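# An overview of the molecular structure
One-letter residues, chain by chain:
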Amino acid sequence: MELDPVIHAPTRLQIVSLLAAAEEAEFGFVRDTVGVSDSVLSKHGSALEAAGYVAVRKGYVGKRPKTWFKLTGKGRAAFTAYVENLQRIVAPSGLSVVPDERVQRVDD
């Protein structure tokens, strides 16, 4: 079992995790949430796009150029496989990266 090297970089893992929870996210939101500079997000976004994991959409809001990121089907499948492999790696410790569905959440 191998962790996907495209996703494994910590910043890319944060980006993919964030996008997995959203339909689409604006560049500034991703940058601020992940806590990186514009250039770092551009570099990692390009790597994820080159792998086919993220779709990048450019457009305008009024006269201001904007960029949005969206996790592709391939990216979602790769992220799911990554989490499953990570769970297999940590399972012998008795810990889990996957939430226990039997645990009642505070917001339920």
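This one's a predicted model, so the numbers in the text were calculated from it and none came from an experiment. For every chain, the first residue of its written sequence is number 1, and the numbers climb from 1 along that sequence. Where totals are concerned, whole chains, interfaces and linings use all residues; where local detail is concerned, this predicted model gives features only for residues with pLDDT of at least 70, and gives and counts side-chain atom pairs only at 80 or more. Excluding hydrogens and water, the side-chain figures rest on all heavy atoms present in the structure.

What follows deals with the packing of helix 2 (residues 10–20) against helix 5 (residues 73–90). The axes used here are C-alpha line fits, helices contributing only the stretch in contact, and every angle between their N-to-C directions lies in the interval 0 to 180 degrees. Going along the chain from the N terminus, every DSSP run of H or I of four or more residues is numbered as a helix, and every run of E of two or more is numbered as a strand. For the pair helix 2 and helix 5, the least separation of the axes is 11 Å and the interaxial angle reads 115°. When the axes of helix 2 and helix 5 are compared, the pair comes out roughly perpendicular. Note on packing geometry: the crossing formed by helix 2 with helix 5 is left-handed. Mapping the contact onto sequence places Leu13, Val16, Ser17, Leu19 and Ala20 in helix 2 and Arg76, Phe79 and Tyr82 in helix 5. Geometric relationships in this document are graded by angle, where less than 35 degrees denotes roughly parallel, more than 145 denotes roughly antiparallel, 65 to 115 denotes roughly perpendicular, and other angles denote oblique. Handedness of each helix crossing follows the sense of rotation of the near helix against the far helix: counterclockwise by less than a right angle gives left-handed, clockwise gives right-handed. In this description, contact between two residues means that some pair of their heavy atoms is separated by no more than 4.5 Å.

Quick look at the nonpolar core now. Grouping buried Ala, Val, Leu, Ile, Met, Phe, Trp, Tyr and Cys residues that are joined through side-chain atoms within 4.5 Å yields what is termed a nonpolar core. Type-normalised accessible area, obtained with a 1.4 Å probe on protein chains alone, sets the label of each residue: buried when under 20%, exposed when over 50%, and partly exposed for intermediate values. In this structure, Ile15, Leu19, Val30, Leu41, Tyr53, Val54 and Phe69 are the most contacted members of the largest nonpolar core, which totals 21 residues. Among the elements of the structure, helix 2, helix 3 (27–34), helix 4 (38–50), strand 3 (64–71) and helix 5 are those that each provide at least two residues to this core.

What follows is about the packing of aromatic side chains. Aromatic rings considered in pairs are described by the distance between their centres and by the relative angle of their planes. Only rings of Phe, Tyr and Trp enter the pairing, Trp through its six-membered ring, and a pair is recorded when the two centres are within 6.5 Å. The plane angle decides the type: under 30 degrees is stacked, over 60 is edge-to-face, the rest tilted. Summed over the entire model, instances satisfying the criterion amount to one aromatic pair. A ring pair is formed by phenylalanine 27 and phenylalanine 69, whose centres lie 5.8 Å apart and whose planes are at 35°; its orientation type is tilted. Within this pair, whereas phenylalanine 27 is found in helix 3, its partner phenylalanine 69 is found in strand 3, the two being separated by 42 residues in sequence. Taking relative accessible area as the criterion, phenylalanine 27 reaches 13% and is therefore assigned buried. With relative accessibility at 4%, the residue phenylalanine 69 sits in the buried group. Whether a charge sits over a ring depends on NZ of Lys or CZ of Arg being within 6 Å of the ring centre and within 35 degrees of the ring normal. Directly above the aromatic system of tryptophan 68 lies the positively charged group of arginine 57, at a separation of 4.0 Å from the ring centroid.

The subject of this paragraph is the environment of glutamate 49. By the element assignment, glutamate 49 lies in helix 4. When residues no more than four places from it in sequence are discounted, the contact partners of glutamate 49 are Val54 and Val56.

This part covers helix 3. Within the span of helix 3, buried status applies to Phe27, Gly28, Val30 and Val34. Seen end-on, helix 3 carries its buried residues on one side only, within an arc spanning 165°. Contacts made by the buried residues of helix 3 are with helix 2, strand 1 (25–26), helix 4 and strand 3. Polar contacts, as used here, are pairs of N or O atoms within 3.5 Å; protein pairs need one atom able to donate a hydrogen and one able to accept it. Residues neighboring in sequence count only if both atoms are side-chain atoms. Of the residues that open helix 3, the one with a side-chain oxygen 2.9 Å from the backbone nitrogen of glycine 28 is glutamate 26. One or two positions beyond helix 3, positive phi appears at glycine 35, with a value near 80°. Note that the arc is defined by the directions from the helix axis to the C-beta atoms.

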